[in-house]
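Survey of secondary and tertiary structure
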Amino acid sequence: MTELLRTPLYDWHIAHGGRMVDFAGWSMPVQYTSIAEEHNATRNAVGVFDISHMGRLQFYVPVPFLDSIVTRRVDDMKATRIRYSLICNEQGGILDDVLIYAGIPQPNAFSMVVNSSNHQKVVDWVKRHEVAWHERHRESTFSFGDVISRGTAMLAVQGPKAIDVIASSVSITDDRLPNDVRRLRYYTCCIAYFGEDQVWLSRTGYTGEDGFELICDAEASERIWTQCIEKATGLGGMAAGLGARDTLRLEAAMPLYGHELSETINPYQAGLGFAVNLEGREFVGREALVRFAADKSQPMRVGLQVDGKRVPRQGCPVLQGDEVVGEVTSGTFSPTFGRPIAMAYVRPSAHAVGTKLAVDIRGTHCAVVVVPLPFYERGKKT
């Protein structure tokens, strides 16, 4: 059996009662207290998450090359900005969804955060296309690798009081941005200091709340993590595990690779057409995506509200009358709303908001209704 990878904070998780699970080959805390408690603490105050398992790649490459392997334009990105994008195969299927950082760590660099389960796949994909680019363009200014992943940690501080945790500890030294953390725009990144430790700071997250993500040296990670936990605790927050991260992202209708996203799902089905720029550029998968953009016959991602207490899980069939019209991709009992919710892919005849359907949960047909996504929006709890 292959030994699980450990983040720099593994010992802290064990010492503080983290229930560890195998997640994409990493030993990760799924919870410390209860998923619901950690979820609600993040929604109402602040949760602190170890996300060091995420892949972190660095690019010193010709901008047209990077632009050619992602679905969203990057050649117009200004330094310190972040852009959500996708990497697709030639058939238009999603290889991964990624965050692209411009001007980090150097003005001429790009960085990319990828899903842990797809880390090596993306690295191999980039290397393969790098070879092809060299053969066509004879460029010699390439430097690409996942050196950031080695020797670093990544933390997420999420929730309405996340700004209070970060603003009390972080100073921005990047002269391209205001030095006041509270003025940092969403989807912006910079070099900053957490006390005396240098970090990459971004105003991003995966919970539906305001928040920040930090990349720091591994040796500084427990020091930074502990300070964040102490400040969060004083504000009614706590450390949170992957269980709460999943329920939070599902309420916010954020897709998860291996559930809502895969190599057999294209961006338009997933409701991610905003992350595809078709005009005026060529990139891998573009021809297929042009066709998918106009295809109204394909299954689409929808939200389902469940009548009752049974929770639909991935793979449960969705029925319209006696006919199977789709399949659940994610489901949970929502701590915010106190009822089960799910996402599914269903046929066009079944994806209009208000459509009444059923989900087969271990042989029992449970009534559901199609509802708008996201289920939860910051500042709105209905």
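Above this text you will find the structure in question.
Residues numbered from 1 in each chain as written. Predicted model: local features only at pLDDT ≥ 70, side-chain atom pairs only at ≥ 80, totals over all residues. Heavy atoms only, no water.

Observations regarding the overall build of the chain
Note the cut-off: Per the convention used, a helix needs a DSSP run of H or I reaching at least four residues, while a strand needs a run of E reaching at least two, with both numbered from the N terminus. Radius of gyration here is computed from C-alpha atoms only, and the compact-globule reference equals 2.2 Å multiplied by the residue count raised to the power 0.38. Pairs of residues are marked as contacts when any of their non-hydrogen atoms sit within 4.5 Å. Each accessible area is a Shrake-Rupley result for a 1.4 Å probe, and residues are judged covered by the shown protein chains and nothing else. Charged residues are defined narrowly, with Lys and Arg counted positive, Asp and Glu counted negative, and His plus the chain ends left uncounted. The atoms used to mark charge sites are NZ of Lys, CZ of Arg, CG of Asp and CD of Glu.
Per the secondary structure count, the chain includes eight helices and 21 strands. For 382 residues, the compact-globule estimate of 2.2 N^0.38 gives 21 Å, and the C-alpha radius of gyration of the chain, at 21 Å, lies within 12% of that figure. Counted over contacts in the chain with a minimum sequence separation of 6, partners at least 24 positions apart contribute 65%. Working note: accessible area of the chain is about 16300 Å², and carbon and sulfur atoms make up 50% of it. Side chains of the chain give 40 positive and 44 negative charges; the mean places of these two sets differ by 5 Å.

Observations regarding helix α7 (residues 242–251)
Put simply, the rule is: Each residue is assigned to one of three classes by its accessible area relative to the maximum for its type, calculated with a 1.4 Å probe on protein chains only: buried under 20%, partly exposed between the two thresholds, exposed over 50%.
Counting buried positions along α7 yields nine of ten residues, so the element is predominantly enclosed. Within the sequence span of α7, burial applies to L242, G243, A244, R245, T247, L248, R249, L250 and E251. Next to the buried residues of α7 lie β2 (19–23), β3 (26–31), α2 (35–44), β4 (47–50), β18 (323–334) and β19 (339–346). Positive backbone phi, at 60°, marks A253, one or two positions downstream of α7.

What about the sheet that holds strand β1 (residues 5–6)?
How we decide: Strand pairing is defined by DSSP finding a minimum of two bridges between the two strands. Angles run from 0 to 180 degrees between N-to-C directions of axes, and those axes are lines fitted to C-alpha atoms, restricted for helices to the stretch in contact.
An order of β1-β3-β2 is seen for the three strands of this open sheet, with the pairing classed as mixed. Unpaired on one side and paired on the other, β1 and β2 mark the two borders of the sheet. Set on the sheet, α7 makes contact with β2 and β3; between it and β3 the angle comes to about 70°.

Points about the packing of α2 against α7
Inclusion rule: With respect to orientation, any angle under 35 degrees is reported as roughly parallel, any angle over 145 as roughly antiparallel, any angle of 65 to 115 as roughly perpendicular, and every other angle as oblique. With the far helix as reference, a near helix turned anticlockwise by less than a right angle produces a left-handed crossing, and one turned clockwise produces a right-handed crossing. Any residue that is not Ala, Val, Leu, Ile, Met, Phe, Trp, Tyr, Cys, Pro, Asp, Glu, Lys or Arg is counted as polar, Gly included; the first ten are nonpolar and the last four charged.
Relative orientation of the contacting elements α2 and α7 amounts to 55°, with a least axis distance of 8 Å. Here α2 is positioned oblique relative to α7, judged by the angle of their axes. Considering the relative orientation of α2 and α7, their crossing is right-handed. From α2, I35, E38, H39, T42 and R43 reach across to α7, where they touch G243, A244, T247, L248 and E251. Its residues assigned to classes, the contact of α2 with α7 shows three nonpolar, four polar and three charged.

Quick look at the pairing of strand β21 (residues 364–371)
Looking at chain direction, strand β16 (residues 300–306) and β21 are connected through four bridges and run antiparallel. Note that in β21 the partner of G303 across the bridge is V371. Pairing analysis gives six bridges linking strand β20 (residues 356–361) to β21, with the strands arranged antiparallel. Within the sheet, the bridge partner assigned to V359 lies in β21 and is C366. With antiparallel pairing between neighbouring strands as the criterion, β20 and β21 make up a hairpin whose turn holds two residues, including R362 at a positive phi of roughly 50°.

Notes on the layout of surface pockets
Where empty space is left becomes clear once a probe the size of a water molecule has been rolled over the atoms. Put simply, the test is: Cavity means a closed set of points on a 1 Å grid over the protein atoms alone, one where a 1.4 Å probe fits but cannot get out, pocket means an open set with protein on both sides within 12 Å along at least 5 of 7 lines, and lining means a residue has an atom within 4 Å of a point. Grid points are joined across faces, edges and corners, and a volume is the space filled by probe spheres set on the points.
Volume-wise, the largest pocket comes out at about 1100 Å³. Looking at the largest pocket, it is lined by 47 residues, and the ones nearest its centre are D97, Y206, R249, M254 and P255. When residues of the lining of the largest pocket are traced back to their parent elements, those giving at least two are β2, β7 (94–102), β8 (110–114) and α7. Element by element, the count of residues in the lining of the largest pocket is highest for α7, at five residues. Looking at the lining of the largest pocket residue by residue, the classes come out as 27 nonpolar, ten polar and ten charged.

Considering the side chain of S334
Here S334 lies in strand β18. Residue contacts for S334: discarding those within four places in its chain leaves E251, R339, P340 and I341.

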